[in-house]
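Chain and residue survey
Listed below are the residues making up each chain.
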Amino acid sequence: MTIKTKLLSTEIPLTYFEKNEKENCQYRVLLLHGFGQKAAFMMNHCAPLFNRNTHIIAPNGPFPLLGRFPLEKSENDLIKGYAWYFYDAKEDRYLIDYKTPALLLRQLLLSFDDQLPLHIIGYSQGGYLAPFLIDKSLSIHKITAINASYRFDLIPSFSGASIEVNAINGELDMMVDPQLSHERFLLWQKRDHFTGNFYLIEDEGHRLKRPILEKLKELIP
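Notes on the structure in this doc start here. From a predicted model like this one, the values you see are computed outputs, not experimental measurements.

1. Regarding the nonpolar core
Counting 36 residues, the largest nonpolar core has Ile120 and Leu129 as the members making the most contacts within it. Counting residues per element, the ones that place at least two in this core are strand 2 (27-32), helix 2 (99-110), strand 8 (118-123), helix 3 (125-129), strand 9 (140-146), strand 10 (164-170) and helix 4 (178-192). Counting residues per element, this core draws most heavily on helix 2, at five residues. Excluding residues within four positions of it along the chain, Ile120 makes contact with Leu30, Leu32, Ala130, Leu133, Ile140, Lys142, Ile143 and Thr144. Core analysis: the second largest hydrophobic core is formed by 22 residues, Ala58, Ile146, Ile168 and Ile212 among them.

If you want it as structure tokens, here you go:
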């Protein structure tokens, strides 16, 4: 007996927050939360940084993480958060990889049927996922990854495309090694020749706090 995995084309519901009518906007930002979080986390922390001319989209990951049964308070406690993919660090293998969420997010963005310049901002697991959305069908202008690392060996090369990539990492992050992230960022930049910088925020850890958000604000046009 063998266990097989196959990527199938099917309809998967993807819930998301939306702020500002796209018809009145000149720019779009896609906010990607971290593992076990919800889209509301990114809306609460990042949406206030943008003006009314920005079409803001913040989706939940496609894979819900269930809470405990019986439910302690209400049906809202059924889902405690979402994931974009599942990776076993000990075995160095994906249980569910990045391909499915990347495909879903591309389809979501294409459904808006316009070519607004796109800035993808991902936090932690969302920052890891962000580069896998790169595709000629999307008008990606900028990617900002916060407290994330990268598998540049898996990310398709986009050398020649005018995409700016920036990384913001907390110096004291105990979940994502900032030194390893920096090394991988430089190798990735050397390969694809993109503009952008790696920013190390002193005295900050993994949490999305004011000093990190202030640096993010500086990177918003």
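So that's the structure; there's more coming.
2. Section: the environment of Val176
Structurally, Val176 is set in the loop between strand 10 and helix 4. Distance in space between the C-alpha atoms of Val176 and Ile3 is 32 Å, their sequence separation being 173 residues. Excluding its chain neighbours within four sequence positions, the residues that come into contact with Val176 are Asn147, Ala148, Ser149, Asn169, Ser181 and His206.

3. What about the side chain of Thr54?
Structurally, the position occupied by Thr54 is in strand 3 (residues 54-59). On the basis of relative accessible area, Thr54 is assigned to the buried category, the value being 5%. Apart from residues lying up to four places away in sequence, Thr54 is in contact with Lys19, Asn20, Cys25, Tyr27, Arg28 and Val29.

4. A closer look at the environment of Asp135
Assignment of secondary structure puts Asp135 in the loop between helix 3 and strand 9. The class of Asp135 is partly exposed, set by a relative accessible area of 33%. It is 9.0 Å that separates the C-alpha atoms of Asp135 and Pro156, two residues lying 21 residues apart in sequence. At 2.5 Å, the side chain of Asp135 forms a polar contact with the side chain of Ser137.

5. Regarding helix 5 (residues 210-218)
Of all the residues in helix 5, the buried ones are Ile212, Leu213, Lys215 and Leu216. Projected down its long axis, helix 5 carries its buried residues within an arc of 155°, all on one side. Turned more than 90 degrees from where helix 5 packs its buried face, Arg210 and Glu218 sit exposed. Turning to helix 5, the residues buried within the fold contact helix 1 (39-46), strand 8, strand 9, strand 10 and strand 11 (198-201).

6. Overview of the sheet that holds strand 1 (residues 16-19)
If you trace the seven strands from one edge of the open sheet to the other, you get 1-3-2-8-9-10-11, paired in mixed fashion. This sheet does not close on itself; its edge strands, each paired only once, are strand 1 and strand 11. Strand after strand, the sheet turns through a mean of 15° between neighbouring axes, direction not considered. Here five bridges tie strand 2 to strand 8, and the two strands are oriented parallel to one another. Directly across from Val29, in strand 8, lies its bridge partner His119. Strands in contact with helix 4 are strand 10 and strand 11; relative to strand 10, the strand with the most contacts, it is inclined by about 170°.

How each quantity is defined
- Residues numbered from 1 in each chain as written.
- Predicted model: local features only at pLDDT ≥ 70, side-chain atom pairs only at ≥ 80, totals over all residues.
- Heavy atoms only, no water.
- Core = buried A, V, L, I, M, F, W, Y, C linked by side-chain atoms within 4.5 Å.
- Buried < 20%, exposed > 50% of the residue type's maximum accessible area, 1.4 Å probe, protein only.
- Helix = DSSP H or I, 4+ residues; strand = E, 2+ residues; numbered from the N terminus.
- Contact = heavy atoms within 4.5 Å.
- Polar contact = N/O pair within 3.5 Å; in protein donor to acceptor, adjacent residues only side chain to side chain.
- Arc of directions from axis to C-beta.
- Pairing = 2+ DSSP bridges.
- Axes fitted to C-alpha atoms, helices over the stretch in contact; angles between N-to-C directions.

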